[in-house]
Structures are given as C-alpha cells and as structure tokens.
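# Per-entry structural report
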Amino acid sequence: MKKSTANGGYTPKNVGSTPNGMSEQDESERLSADLALFLSDPNLQSALADGSLDLSSYSSTINSELSTLERECVALHRQAAPDIRVLREEMDVCDSILAGLHEMLLGFQADLSGLSGDIRQLQEQSRSLAVQVDNRRDAEEGLRLFLERIVVPPNLAHVICRGEVDELFLECVKDLEEKYAYVQITEQNLDDPDCSDPRLVSSSGIPPASTVAGREMVEHLFKLRLQAVDRTRAYFLKVMKQLRKPKTHVRMIQSHALLKYEYLVDFLLVASPTIHAEIKDVYVESMSKTLYTLFRTYHKQLLLLDMRLATRVDLIAVEEAALRDTFSTKVNMRKRGDAFVLGDRAKVLDGAITAGNGDNAAAVVASTPINAHLSLMNGDKYSYEIIFRSIMSHLIDAATNEYVFGRQFFKEYGQDDCWHSIFGKTLSLILEQLENYLFNCHDAIAILLMIKLTHYYKRTVKARRIDKVMEPFLGRVTNLFWPRLKMVMDAHLRSIRGANANKVGGGDIHAHLVSRRYAEFTCSILLILNRGRKAAIESNANGLSNNTLGKGEKNSHRGSAGDMLVNDLDVMVEEMVLLLKRLSDVHLTNKKRIIFMINNLDSIITIFKERRVSGRELTRFSELLVQQRELFVEEELLQTFSKMIAFVQQTEAHMSGISAPRGARGVAAPADVVNPEVVENLVHEFASNWKSGIEQINRNVLSYFSNFRNGMEILKQVLTQLLLYYTRFQDVIRKVWRGKPPSFCKDLVSTSVILAEIKKHALSI
C-alpha cells in the first residue's frame, strides 16, 4: 500500500502499472514480497484458512485507522511550528558564522604556503652544514689517529729512559714498537699480513713513511728503541744473575720475573737479535750450572740416607758363618735390612715410600720426594729405589718446567737446542752417579723396582709430551739396569750351583735358611713383575714379562730383557731342587732325606701362598712335595708294619701272576704260597701292636715336621695308607680261604675300629 498526500487516504497499488520506470518483473517481485509480509501475520493466516476474513471490510478498517493517524500527525506538526521557525533562524546564523570562518581559513592557508618555502630553504642550509661538520670531524679523527700513532708522549719516553722495568715499562715498549712499525709502512709492505693499517685509513691514503711527520719521527723512535733494548738487556742480565745464587727459588723467578715479561724477549728478537742471543746464552749457562749443582748436592745428601740392604755376600746360598751374629753361634734369620723380602718396598710403585729410622717400625710417608735436610736431621734411612725415585721425580719435573719455559719464553717450537744445552751436563751427571752406584749394587729387588719406575717415567714423559727429549735418557737408564740385574741374578745362580752342606750347613732335618731365602727372593721378583697387572699386557722391547699366569700361559717376550729374567727364574727353580737333593744327601737314612725335602719344599710353598704368588714355580714345588709325601708314607709304615706290608705286596704280586679259570670270581692261592702260620702271626701281631703303632706314627710326624698344617696332612695320609694296607691284607685272607675261614680270623681288627681311632687322632690334632 502507498500513502497519498492529496486527500490523506490510502489507495491500493495498481498492479499493472510501472511507476518510476519500474519493469513488470520488478513490480511482480514487490507484490510477492508484500503478499509474503501480509501472510506472515498468524491471525490473517488463520482467518484465510477458515474463510472468515472479509477483505473489503478489512481494507476499510485499515483506511480509517490510517486517516486517524494522519490527522494526529498534522496536529502535532502545527503545535511544533513555532519551535521549527526558531530553529530555522538559528541555522541561518550558524551559516553566516561558518562562512566567516571559511574566509579566515583561506587567509591562513595563503600565509602557510609562504612559510613552507622558508622552511625548505632552512632545511637545505642545515643539510649543507651537517655535511661540512661531518667532513671536519672525519678529518679531525684521521689526523688524531695519525698523530697518536707517530707522536711519542712525554711520559712514555720518561718510563722507557728512566722508569723501572715493570708492567708500565712493558706497556710502553709495546706502544713504542707499534709506533715504530707504523712509521715504517711503505707502499711495498702494504700487502704484508702484519701491516697494522693496510688501507692507510689513519694517514689519508698516504704511506706513513712518505709523510713529513713520519720521516721526522723515525729517527726519534729508533733512538728510543735502542734505549729500550739497553734497559731490557740490563734487566734480564740482573735477573739471570740471581739464578746462579744458592738457595734460589728458580720457578718463582721464572714465573714472576721472566715469563711475566716474555714480550720483551720477542722485542729483543726483532729489535736486536744479537742481544737476544746473548740473553739466551746467559740463561742457558746459568740454568745449566744451577741444575748441575742442585742435583749433584741432592744426590750426595741422599746417599747419606741409603740403608744398603744388600752386600756382596747377600746371596741365596751363602756360607753359614756369614749369617751368624757376632756374639752367638745361632743363625740370625731376621736380620734387619733383609735383601730378599719385598715387604713394603713395593709401595714405591704405588706412590708411597717407606722410611726406616733405626730399629723403629717402618713408617709410610707421603709420595713426595725426600726432603734431604729434614731426613738427615731425623736420621731416616731409605732403600735406594726410593732415593732413585726422588731424584727422577725432581728431574722430570725440572725437565718439564724447562721444556715448557723454553717454548714459552724463547719461542722454541720444533727445536730443543736450549733444553739440551741446559740439561746436557745434568743428565750426564745422573747417569754417572747411577752407574757408580750400580757398580757395587747387589740388591736385585731394588734394581727391578727401579726398572719398573723407569717404565712408569717413560709413560709420564709421554703424557707430558716431553718424550722427545727425555726418552733417550730413560732408555740409557734402562740399559744400565738390565745388565746389572743380570749380573746379580747370575751371582745368585752361581751361589746355588756351588752350594753344598759344607758351605751352607745341612745337618738338620727342618727347613734350611736357603729355602726361605730362595722363596722370599722369587716371590719378591714375581710380585714386582706383576705389580699393577690384572691381565696380560703387551710390553715394549724392554718390557717385563707376566710370570704368574697359569701353566702354559706365559706372555711371549722373545728377545726381551724381561724374558731373560724369567728364564733365570726357571733355571733357578731346577738349581734349587738339585741343591735340596745335595743337602739331603748329608743324612744317613733315606727317611731323614725325605723328611728334609718335605720340610724345605713345604717352607717354600708356604711362603709362596703367604705372598699370594702362583705360577709354574709353585706348581713345580707342589708336585715334588706330593712325591716326597708318598715316599715318606711308605717309609713311616715300613718302620712299624713292615712284615704285613711286605706280605701283602708279595702275595698280591704272586696271586696276580696266576691265571684265573673261566667263570671264577677270585683266585685262591695255593698252600705253598701262603703259610697259615705266617698269616696267623701277622694277624696276632697287628691286633696287639696297631694302636701303639698309630701313636708312634703320630709322635714321629709331630716331631719331624715343624709346620703344623703340613704335619696334619701327612699324618692323615699315613693313617689312610695304613688302613688301605690292612684292608688289602684282609682281602688276601678272604681270597685264600674262601670256603672256610681259619680260626685266627676272629682276631682280625675291624676296619671301622681302625677308622675310629684314626678320626680320634685327627680330632685331637
């Protein structure tokens, strides 16, 4: 529906018309929209649905309502007409004011357009001034850099000419050297990597040597440079003079007075190579004399602490008279300083040493080198391997220090002329001192410990990366040790080969001192060889062999010095067995000879087990001990039960020669072989004497063998063999009289009774 302004009413739209040029399609769409809006009313929908809606009456109602609303709006408009008139007047006033503001703003715009031109002119002037200021600043900075690099400040010249040689002097020399290098720059050395200004930034593209200021300053800088060289030479000569003074702390001087100014050495090398060579020669000469004097004095003092454990007569098989005390006829088996017992001496390989003072107990001290003055005051004594370790520790520390110092101070990379010149005399001195000591050294344990220490020091110098200079020296030290060790081992072997009862004594059936010495010596050698080894390790050409592996598991060191020592030990085993046999021949009866062998073999094996040493040596002596025990069992039983044993052996031998008929379970001896009277006598004799015989065996064993455990094992073995012989005796009787046992069988002693008696003796032990 559309409102009509002519009569204030409403008329329906003409569907067929096309007002405002609207097409029929658009009019149809509007009609469809109006119908949809009309039908959206639920009341109309319900009325249309039931047919109760009268469209004509409904249209009349709508038109009346619209007319009422129109009249009301017109009345309201008439009431507001005065207010609308006032509002129109106010709007006219505002239009006039806005027009005045518009004209004013146009005037302002014209003025601002004139000011923008002035501002653009000022901006152009400002940019021009900024460029001029930047150019002046760049020129000033370049001139400042150039002047700073060539002009010598007064304080720099004063410090170099008259100041003390300290950190400030060092910094001044660095500045001077930089200035001198700068003024030497020419066009030819611009491509030099060491050129400080290859692009000539600070000299505006002109080489400093070509400038007037540069040519003028070269002469002044050169003179000041000569003054710095002279002051540096005087300082180093003064410091190196202090190195030659006694009781001087060399490392402190090197650290605080030399290395601190290592740049001055580089300065001398560039500024004056002759002075640099002079300083180097003076240092080498000073340190060479200082180290030579220090090690010569230190070794001389340490020799006063040497306890000399072994002498020429300290051999395994030594004459008995050499072992007796001055006021006694008994052999002293526990003399202090025994050269055959390792004891705590092996701790020198673990970083601990043992100091002995008089007859007091050994004390374990720190692994640091020996303080000679303090030890002399306390009266301490040390074995020579500890003295050797102290000397070598100091030597390697000093060698490491000088090697590092030479490379850092004199920049000796790739050449070690300085080090060899410093240590040449000292190394020769140590080799000479060691050779002189080894000439009268008869302590094989000390020599072997020093060999192990030398191998340790070889690994140490390699870890410190000084093996290039120290490896030849340590090789010469090793070459001194092995021949001397071979001589000492040969002396021990000769003493064993040449020993007999007249020299070493052998009248007693108990363990001989030679056996204990041999066992202690061999255990000491083997323990040192295997010190620090838990598995087989390949060694170098002079390596040591692992000799405590199981039988047949020896490491292969063909042609090495270690093999030589192991071979000497193998030979010594057999020579020791032959010596024990020679000493046993002194005894008149075979039984005493066997007892002597058992006691000595058991003494050797006991020491091996106490020292926890195993190997071929222990296996060899254990086999010999088993053989000797079997021989002793037979000898001991023959002394008391010889008739019964002889009867059993002879009868069994005869019965074994008779062929048994097919299907027979046993062989019956003929009557001419077994004499019933002899058997009856044997039965009665054994029944009456077996207890006293066992007691006698018990007493004999306890008196023959000093080792309680060894005696107990032998007693058990003897009594077990006795029970076995008696069992065989009963078997012979049962085989001979299978049908009807003779009457004397009731006198046979039951094996259970004998076994009970054996157990009683075993428990009593």
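In this convention, every chain numbers its residues from 1, walking through the sequence in written order. The predicted nature of this model means local features are confined to residues of pLDDT at least 70 and side-chain atom pairs, given and counted, to a pLDDT of 80 or more, with totals for whole chains, interfaces and linings taken over all residues. Each side-chain value is worked out from all heavy atoms of the structure, with water and hydrogens disregarded.

A tally of regular secondary structure across the protein chain gives 23 helices and four strands. Counting the 765 residues in the protein chain, one finds 39% classified as buried. The contact rule is simple, with two residues in contact once any of their heavy atoms fall within 4.5 Å. Sequence-distant contacts in the protein chain: of pairs separated by 6 or more residues, those separated by 24 or more amount to 74%. Shrake-Rupley sampling with a 1.4 Å probe provides the accessible areas, and residues are treated as covered by the protein chains on show and by no other component. Surface accessibility of the protein chain: about 43,700 Å² in total, with carbon and sulfur atoms responsible for 54%. Under the scheme used here, helices are H or I runs from DSSP no shorter than 4 residues and strands are E runs no shorter than 2 residues, and both carry numbers assigned from the N terminus. To sort residues, take the accessible area from a 1.4 Å probe on protein chains only and compare it with the maximum for the residue type: under 20% means buried, over 50% means exposed, and anything in between is partly exposed.

Let us now look at helix 20 (residues 616-656). Multiply 1.5 Å by the residue count of a helix minus one, and that product is the helix's expected span. Over its 41 residues, helix 20 extends only 40 Å from the first C-alpha to the last, a length that falls short of the 60 Å expected when each residue adds 1.5 Å. Taken as a whole, helix 20 carries its principal kink of about 105° at F641. To get the bend at a given residue, fit one axis to the seven residues ending there, fit another to the seven starting there, and take the angle between those axes.

What follows deals with the packing of helix 6 (residues 167-183) against helix 7 (residues 212-243). Contact pair helix 6 / helix 7: the axes reach a minimum separation of 9 Å and the direction vectors enclose 145°. Like other packed secondary-structure pairs, helix 6 and helix 7 cross with a definite hand, here left-handed. Mapping the contact onto sequence places F169, V173, L176, E177, K179, Y180 and V183 in helix 6 and G214, V218, L221, F222, L224, R225, A228, R231 and T232 in helix 7. Structural elements are reduced to axes, namely lines fitted to C-alpha atoms, with helices fitted over the stretch in contact, and the angle between N-to-C directions of any two is expressed from 0 to 180 degrees. Each helix crossing is assigned a hand: it is left-handed if the near helix lies turned anticlockwise from the far helix by less than a right angle, otherwise right-handed if that turn is clockwise.

Take the buried Ala, Val, Leu, Ile, Met, Phe, Trp, Tyr and Cys residues and link them wherever side-chain atoms come within 4.5 Å; each set so joined is a nonpolar core. Membership of the largest hydrophobic core comes to 176 residues, with the highest contact counts inside it found for F236, M470, F473, F632 and F729. Once residues lying within four places of it in the same chain are set aside, the contact partners of M470 are L395, I396, A399, W419 and V461.

For the protein chain, per-residue confidence averages 79 on the pLDDT scale, and residues scoring 70 or more make up 82% of the total. Confidence, expressed as mean pLDDT per element, reaches its minimum in the protein chain at strand 2 (residues 10-11) with 38 and its maximum at helix 10 (residues 273-303) with 92. By definition, pLDDT measures how confident the predictor is in each residue, and it falls between 0 and 100. In the predicted structure, residues 333-337 sits below a pLDDT of 50 and forms 12 contacts with residues beyond four places in sequence or in another chain. Here residues 534-559 is modelled with pLDDT under 50, and outside its nearest four sequence neighbours on either side it reaches 62 contacts, counting other chains as well.

A separate point is the pattern of salt bridges. The salt bridge definition used is simple: a Lys or Arg side-chain nitrogen within 4 Å of an Asp or Glu carboxyl oxygen. In this structure the tally under the stated criterion is 25 salt bridges. The partner of K411 in a salt bridge is E262, and the shortest N-O contact between them spans 3.1 Å. Of this pair, K411 sits in the loop between helix 12 (384-409) and helix 13 (417-439) while E262 is found in helix 9 (residues 262-271), placing the two residues 149 residues apart along the sequence. The exposure class assigned to E262 is partly exposed, which follows from its relative accessible area of 23%.

Note that Q433 resides in helix 13. Sequence-distant contacts of Q433, defined by excluding residues within four places in its chain, comprise F295, R296 and H299.

Turning to unusual backbone geometry, a few remarks are in order. Not every positive phi belongs to a glycine, and R308 is a case in point at roughly 50°. Counting through the fold element by element, R308 comes out in the loop between helix 10 and strand 3 (353-355). Even without being a glycine, R465 presents a positive backbone phi close to 65°. The topology assignment puts R465 in the loop between helix 14 (444-463) and helix 15 (467-497).

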